[in-house]
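# Topology and contacts: notes
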Amino acid sequence: MLENITFANPDFFWLFLLLPFAVIWYSFKQKEETASVRISSLKGFSYTSFLPKLKPLLFILRLFALGAIIVAMARPQTEDISTRTKTTKGIDIVMAIDVSSSMLARDLKPNRLAALKKVAADFIKQRPNDRIGLVAYAGEGYTKTPITTDKTIVLNSLKDITYGQLEDGTAIGMGLATSVNRLKDSKAKSKIIILLTDGVNNSGFIEPQTAADLAIEFGIKTYTIGLGTNGNALTPIQYNPDGSFRYGMRQVEIDEELLKDIAKVTGGKYFRATNNEALEEIYDEINKLEKTEIEEFKYYRYEEKFRPWIWVAGILLLLEWLLRNTVFRSFV
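Structural notes, computed from the coordinates. (Residues numbered from 1 in each chain as written. Predicted model: local features only at pLDDT ≥ 70, side-chain atom pairs only at ≥ 80, totals over all residues. Heavy atoms only, no water.)

### Considerations on helix α2 (residues 56-73)
One turn of an α-helix holds 3.6 residues; hence residues three or four places apart share an orientation. Taking 1.5 Å per residue, 18 residues should reach 26 Å; α2 reaches 26 Å between its end C-alpha atoms and fits that length. Positive backbone phi, at 60°, marks R75, one or two positions downstream of α2. (Helix = DSSP H or I, 4+ residues; strand = E, 2+ residues; numbered from the N terminus. Expected span 1.5 Å × (residues − 1).)

The following block contains the structure:
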């Protein structure tokens, strides 16, 4: 296709500037070779031939042949490019998600847990080259999905995360320690945890500071997110026998000092999400901060296309020679 045509020696196109000079030279040469004879009458010269008028056709054929030769010298060729990508700096990520009852608070729409799952799903889809795992924690923690490159598994597991799968409470240390356990044997060059909570550590047998020390020991960076509005939020306050909740206004309490300390000592960063938009911006920022390095290899395959132009030039020159020595023999 014409759009794929490139030229290996495009400098030869400057030779086309010689063609106008060739036309000028031919014009002057024709004037010099034209002879005139004055006669008193044209009677007796009733036969006239149109062949002399077609004599410039020989020069035109040679001119086109020269143009074809110039194009051939420029070496037209088609270029086929194939690419192969290789992940040179893989990142292993564990997302630790608080699933305590307070995550059903409605200061985010429709509630904190549903808002988080939507944003987390978008984050996962944007990182096709990384391994991602899920940890859920409340009064205790467990691995929902080990780190894997299969994003379908991760996304399906994320959908299945709900309140009620664990004893209620907020065991930040357990959530962090479980996440560290999933990453400690990872051979990835970069290992990170994204830990989200909306409360204060009040459960579990592993202290958050101890879990943070483990993260430091295994070179795991932790981003912490405090989720909840400033002030009061409509929060579940009583679990009904039919499985529903009675909601009431409660003060939002997040141990920001603890989350800031965990992020700082592990080399991460703390964020506060007070609404849906802020939560989306936080995950976008983490996505930008943790870039996976991709090495792209390009392979070029060229197919030479100068031969048809050589054939065209040869045919034109042969045609010019045949006409010169047959039809126009008496006029050259």
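Picking up after the structure, the text goes on.
### Observations concerning the pattern of salt bridges
Taken as a whole and assessed by the stated rule, the structure comprises 13 salt bridges. With a closest N to O distance of 2.6 Å, K269 and E285 form a salt bridge. With K269 in the loop between α7 (256-266) and β10 (270-273) and E285 in helix α8 (residues 276-289), this pair connects stretches of sequence that are 16 residues apart. Salt bridges linked by common partners bring R62, E320 and R324 together as one network. (Salt bridge = Lys/Arg side-chain N within 4 Å of Asp/Glu carboxyl O.)

### Points about the environment of I225
Position of I225 among the secondary structure elements: in strand β7 (residues 220-227). A residue is classified by how much of its surface remains accessible, and I225, at 0% relative accessible area, is buried. Taking the C-alpha atoms as reference points, I225 and A273, separated by 48 residues in sequence, lie 6.9 Å from one another. Here I225 is in contact with I194, L195, L196, T197, L259, Y270, F271, A273, L279, I282, Y283 and I286, once residues within four sequence places are set aside. (Buried < 20%, exposed > 50% of the residue type's maximum accessible area, 1.4 Å probe, protein only. Contact = heavy atoms within 4.5 Å.)

### Points about the side chain of R112
Residue placement: R112 occurs in helix α3 (residues 112-125). When residues no more than four places from it in sequence are discounted, the contact partners of R112 are S102, M103, A105, D107, D198, L227, G228, A233 and V252.

### A closer look at the environment of S102
Locating S102 in the fold gives a position in the loop between β3 (91-98) and α3. Within the local environment of S102, its side chain forms a polar contact with the side chain of D198, the two groups lying 2.8 Å apart. (Polar contact = N/O pair within 3.5 Å; in protein donor to acceptor, adjacent residues only side chain to side chain.)

### Structural notes on the side chain of D107
Checked against the element boundaries, D107 lands in the loop between β3 and α3. By relative accessible area, which is 15% here, D107 ends up buried. Among the polar contacts listed, one links the side chain of D107 to the backbone nitrogen of T229, at a separation of 2.9 Å. With residues near it in sequence (within four places) discarded, D107 still touches R112, G228, T229, A233 and V252.

### What to know about unusual backbone geometry
Cis rather than trans, the peptide bond between K109 and P110 has omega equal to -5°. Even without being a glycine, R75 presents a positive backbone phi close to 60°. If you trace the backbone, R75 turns up in the loop between α2 and β2 (76-89). Taking the relative accessible area as the measure of exposure, R75 reaches 32% and is therefore partly exposed.

### Considering the sheet that holds β7
The strand order β5-β4-β3-β6-β7-β10 describes an open sheet built from 6 strands, whose pairing is mixed. Of all the strands in the sheet, just β5 (141-148) and β10 have a single pairing partner and so form its edges. Strand-to-strand twist across the sheet, computed as the mean angle between neighbouring axes with direction ignored, equals 15°. Where β7 meets β10, 4 bridges bridge the pair, whose relative direction is parallel. The residue bridging I225 from the neighbouring strand is F271, located in β10. (Pairing = 2+ DSSP bridges. Axes fitted to C-alpha atoms, helices over the stretch in contact; angles between N-to-C directions.)

### Details of the nonpolar core
It is characteristic of soluble globular proteins that their nonpolar side chains tend to be buried jointly. Of all hydrophobic cores here, the largest spans 36 residues; its most connected members are M95, I225, L279 and Y283. Of all the secondary structure elements, the ones that give two or more residues to this core are β3, α3, β4 (131-137), α4 (151-160), β6 (190-197), β7, β10 and α8. When residues in this core are grouped by element, the largest group, 8 residues, is from α3. Excluding residues that lie within four positions of it along the chain, L279 makes contacts with L108, A115, L116, V119, L196, I225, L227 and A273. I172, I254, L259 and I262 belong to the second largest nonpolar core, which has 24 residues in total. (Core = buried A, V, L, I, M, F, W, Y, C linked by side-chain atoms within 4.5 Å.)

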